[in-house]
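If you want the building blocks of each chain, they are given just below.
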Amino acid sequence: MASAQWVDSAACRNTDPDELFAESAQQNRAKAVCSGCLVRTECLAEALDDRIEFGVWGGMTERERRALLRRRPNVTSWRTLLQQAHQAFKQSHAD
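Quantities reported herein were computed from a predicted structural model and do not represent experimental measurements.

If you walk through the whole model with that rule in mind, you get 1 cavity of 30 Å³ or more. Looking at the largest cavity, its volume works out to about 60 Å³. Around the largest cavity sit Trp 6, Ala 10, Cys 12, Cys 34, Cys 37, Val 39, Arg 40, Cys 43 and Gly 58, which together line it. Residue composition of the lining of the largest cavity, by class: 7 nonpolar, 1 polar and 1 charged.

Right, here's the structure in full:
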């Protein structure tokens, strides 16, 4: 597992874990916690790279992550890909 220093900055760090591992419509509440999280990208990358099967990570449910992994089977490092995308986004909005 990669360094998880980002966990200390996660918006969910004080959230009841049962809320993050909810089912069906309750997952929307967990995703809402992620919406303003400063380390959402790092969280999602860890879930994708480590193939975490359960819970909401980085604003995505397990079903959404599985679908993404199926669509992009050749990605070897989600962490690298998401960091690059995040940097490109920040640069394009630096005006």
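Leu 44, Ala 45, Leu 48, Met 60, Leu 68, Leu 69, Val 75, Trp 78 and Leu 82 together form the largest nonpolar core, which totals 9 residues. Ranked by size, the runner-up nonpolar core spans 7 residues in total, among them Ala 10, Val 39, Cys 43 and Trp 57.

Here the focus is the packing of helix α3 (residues 40-49) against helix α5 (residues 78-92). Two numbers describe how α3 lies on α5: the axes approach to 8 Å, and their chain directions differ by 155°. Of the possible angle classes, the one that applies to α3 and α5 is roughly antiparallel. Note on packing geometry: the crossing formed by α3 with α5 is right-handed. Where α3 approaches α5, its residues Thr 41, Glu 42, Leu 44, Ala 45, Glu 46, Leu 48 and Asp 49 are matched on the opposing element by Trp 78, Arg 79, Leu 82 and His 86. Of the residues belonging to the contact of α3 with α5, the class tally is 5 nonpolar, 2 polar and 4 charged.

Definitions and limits used
Throughout this description, residue numbers start from 1 for each chain and increase along the sequence as written. Residues qualify for local features only when their pLDDT is at least 70, as the model is predicted, and side-chain atom pairs are given and counted only at 80 or more; totals for whole chains, interfaces and linings, by contrast, use all residues. In computing side-chain properties, one takes all heavy atoms of the structure into account and sets aside hydrogens as well as water. A cavity here means a set of 1 Å grid points, computed over protein atoms only, where a 1.4 Å probe fits but cannot escape. A pocket is an open set with protein on both sides within 12 Å along at least 5 of 7 lines, and lining residues have an atom within 4 Å of a point. Grid points are joined across faces, edges and corners, and a volume is the space filled by probe spheres set on the points. Charged means Asp, Glu, Lys or Arg here, nonpolar means Ala, Val, Leu, Ile, Met, Phe, Trp, Tyr, Cys or Pro, and polar covers whatever is left, Gly included. To qualify as a nonpolar core, a set must consist of buried Ala, Val, Leu, Ile, Met, Phe, Trp, Tyr and Cys residues joined through side-chain atoms within 4.5 Å. Using a 1.4 Å probe on the protein chains alone, a residue whose accessible area is under 20% of its type maximum counts as buried, one over 50% counts as exposed, and one in between counts as partly exposed. In this analysis an axis means a line fitted to C-alpha atoms, helices contributing only their contacting stretch, and an angle means the value between N-to-C directions, from 0 to 180 degrees. We count a stretch as a helix when DSSP gives it H or I for four or more residues in a row; a strand needs E for two or more, and each element gets its number in order from the N terminus. Any angle that falls under 35 degrees is termed roughly parallel, while one over 145 is termed roughly antiparallel, one within 65 to 115 roughly perpendicular, and all others oblique. For any helix crossing, the convention is left-handed if the near helix is rotated counterclockwise from the far helix by under a right angle, and right-handed if that rotation is clockwise. The contact rule is simple, with two residues in contact once any of their heavy atoms fall within 4.5 Å.

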